[in-house]
Amino acid sequence: MRKILCIGAGYVGGPTMAVIAKHCPQYEVRVVDMNADRIAAWNSDQLPIYEPGLKDVIDIARGRNLFFLTDETIAEQIDWADIIFVSVNTPTKAFGLGAGRAADLQFWEKTARQILQHATSPKIIIEKSTLPVRTAEAMSHILNTNSIGVQFDVLSNPEFLAEGSAIRDLEEPDRVLIGGHNTPSGQRAIETIVELYANWVPREKIITTNLWSSELSKLVANAFLAQRISSINAISALCEKTEADVEEVAFAIGTDKRIGPHFLRASVGFGGSCFKKDILNLVYICEQQGLPEVAEYWQQVLKMNEYQGARFVANMVHSMFNSLSGKRIALFGAAFKANTSDTRESPALVVCRELLEERADVILCDPHALENARQDLDEQAEKVNFVADPYQAAKGAHAIAILTEWAYFANLDYHQIYNSMAHPAFIFDGRNILDHQALFKLGFNVYPIGKAPLQHFNHGRT
Ligand code: UDX
Ligand code: UDX
């Protein structure tokens, strides 16, 4: 039986190992994490992350060939495993050289050293965490400077799952990418991992490359995805000025096969733990490699995202007679996207913070993400009202802002909501999920993204 260990039971490690265990009953999969509360949650009915379909997969595999363990026994687990996935977090460095941009690799390096300390037999070490290109080289150096004569093969196998659809993305990936060295043992290691995925992924979807291509492809995939959103968001600003409709433009250009229809939804901005971090990292690497023009090009994707959030708030202020002070504003959505409880880098929290600066009275409403939002907002949380029920949240409000594309926000009874609000009532649809004409007919002043606003009065806007 093959023995797999995963270090890090987060949004990536947990679901990925659950799907591997489900499809490979002949392998034993153990997942360790230094966060004991997280492990307790993985072992309970209240899983630590909200992800559609995850519970079903866990129910099949947990206790059979999938085990979640605290890292007290990490020494024993490392020595036990043949294959070690490392899925610890790699946040943006907050201090020293490259602060605010470079990836902080302290957890990765600590993990590599733990492996070196406790391994007595050969291992395949797999980078699951997104890492700067050529990190594997540094890891190989650390691991292979051992005096015990143990062979370590370091592979890169980046994860492309998106939150909210993690299980579907893992079950039916567009591709699996495995990068390794072009040496006999590197190629053997690649083949071992190809065989693992081939238990459920068609072989033609398993791509093998050299290590550096694999590491870089992950950063580039996220940079391209984020770039598409920034591109359409840039156009949304122009649409609002010209009465073009950004959804019509996106549809029209998306029918060109070379452009394609996906990831062209204009929004209040992209969030999530990956896009910003990975682009900052790409920018930093380009600068380090003496490519300032390339760095600046990608930096612009982030600038456009910040602009979109700031523009959204400025639009609220201007539309609501240049003052939000003391006005009750209901924010529908805290998660960075629908179908997740994750609030990392959520544009909803960016808007929330800026509205607090404007001294608005903010009510935050979300079906799954309020607890994470409370933690992320930190000391500002005490100034925010957290209300799970959107009808309660909107009661007496001067405005509603839709910040997460939860389908259920589109299906509320807006007639009832309108009647319970202060008038004139404003609605800012930061995700374009509502029926704007219908809301306008109900009496709302409606401000979509990338479309002309629908107002019941002439605002004198230019
Ligand atoms: C993380 C990275 O952020 C991302 O770049 C990478 O692609 C995959 O891993 P995610 O799973 O979303 O993504 O992170 P997170 O939910 O924070 O999970 C990381 C886990 O590792 C945490 O549960 C943390 O407690 C654990 N960890 C961290 C360890 O067990 N040991 C450590 O030394 C550090
Ligand atoms: C992303 C990548 O999609 C995934 O492949 C990678 O492994 C991790 O990073 P994730 O951050 O979980 O996944 O979610 P994603 O669906 O990519 O959405 C990111 C952000 O972009 C969200 O805030 C989302 O609302 C926003 N978005 C997405 C838009 O604003 N418009 C779009 O058209 C698509």
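Residues numbered from 1 in each chain as written. Chains lettered and ligands numbered in written order. Predicted model: local features only at pLDDT ≥ 70, side-chain atom pairs only at ≥ 80, totals over all residues.

**Focus: the overall build of the protein chain**
Okay, so step 1: Broken down by element type, the protein chain carries 18 helices and 14 strands.
Okay, so step 2: Relative to the compact-globule value of 23 Å for 462 residues, the protein chain shows a C-alpha radius of gyration of 24 Å, a close match.
Okay, so step 3: With the C-alpha coordinates aligned to their principal axes, the bounding extent of the protein chain is approximately 80 × 50 × 45 Å.
Okay, so step 4: Every one of the 462 residues in the protein chain was classed for burial, and the buried ones make up 46%.
Okay, so step 5: Counted over contacts in the protein chain with a minimum sequence separation of 6, partners at least 24 positions apart contribute 73%. (Helix = DSSP H or I, 4+ residues; strand = E, 2+ residues; numbered from the N terminus. Rg over C-alpha atoms; globule rule 2.2 N^0.38 Å. Buried ≥ 20, exposed ≤ 12 C-beta atoms within 10 Å, placed from the backbone. Contact = placed C-beta atoms within 7 Å.)

**Focus: the site of ligand 1**
Okay, so step 1: Neighbouring ligand 1 are 24 residues, the closest being G8, G10, Y11, V12 and N89.
Okay, so step 2: Here the element with the most residues in the shell around ligand 1 is helix α5 (residues 106-118); it accounts for 3 residues.
Okay, so step 3: Residues of the shell around ligand 1, tallied by class, amount to 7 nonpolar, 11 polar and 6 charged. (Near = placed C-beta within 6 Å. Nonpolar A, V, L, I, M, F, W, Y, C, P; charged D, E, K, R; others polar.)

**Details of the site of ligand 2**
Okay, so step 1: In the region of ligand 2, 19 residues are neighbours, and A162, R265, S267, F270 and G272 sit closest.
Okay, so step 2: In terms of residue count, helix α9 (residues 211-242) provides more of the shell around ligand 2 than any other element does, 3 residues in total.
Okay, so step 3: Classifying every residue of the shell around ligand 2 gives 11 nonpolar, 4 polar and 4 charged.
Okay, so step 4: Two domains each put at least three residues into the shell around ligand 2: domain 1 (2-201) and domain 2 (212-462). (Domains from an automatic or database assignment.)

**So, the nonpolar core**
Okay, so step 1: Of all hydrophobic cores here, the largest spans 74 residues; its most connected members are I329, A330, L331, V351, C352, A399 and A401.
Okay, so step 2: Ignoring anything within four residues of it in the chain, the contact list for A401 reads M316, I329, L331, F332, V351, F428 and G430.
Okay, so step 3: Grouped together as the second largest cluster of nonpolar side chains are 57 residues, A9, I39, I125 and L143 included. (Core = buried A, V, L, I, M, F, W, Y, C linked by C-beta atoms within 7 Å.)

**Observations concerning helix α8 (residues 184-197)**
Okay, so step 1: Taking 1.5 Å of rise per residue, 14 residues should cover 20 Å, and α8 covers 20 Å from first to last C-alpha, within 8% of that figure.
Okay, so step 2: The secondary structure elements touched by the buried residues of α8 are α1 (13-23), β5 (123-127), β6 (152-156), β7 (176-180) and β8 (206-210). (Expected span 1.5 Å × (residues − 1).)

**Quick look at the sheet that holds strand β9 (residues 328-332)**
Okay, so step 1: Spatially, 6 strands are ordered β11-β10-β9-β12-β13-β14 in an open sheet, and the strand pairing comes out parallel. Strands with a single pairing partner mark the edges of an open sheet, and in this sheet they are β11 (385-386) and β14 (445-447).
Okay, so step 2: Note that β9 and strand β10 (residues 361-365) share 5 bridges and pair parallel. Looking across to β10, one finds that L331 is bridged to L364. (Pairing = 2+ DSSP bridges.)

**Quick notes on the domain arrangement of the protein chain**
Okay, so step 1: Each assigned domain of the protein chain is listed with its residue range as follows: domain 1 (2-201) and domain 2 (212-462).
Okay, so step 2: Averaged C-alpha coordinates put domain 1 and domain 2 at centres separated by 33 Å.
Okay, so step 3: Domain 1 puts 25 residues into the contact, and the matching count from domain 2 is 25 residues.
Okay, so step 4: Looking at the side of domain 1 that touches domain 2, the elements that each hand over two or more residues are α6 (135-144) and β7.
Okay, so step 5: Counting residues per element, the side of domain 1 that touches domain 2 draws most heavily on β7, which supplies 3 residues.
Okay, so step 6: By residue class, the composition of the side of domain 1 that touches domain 2 is 15 nonpolar, 7 polar and 3 charged.

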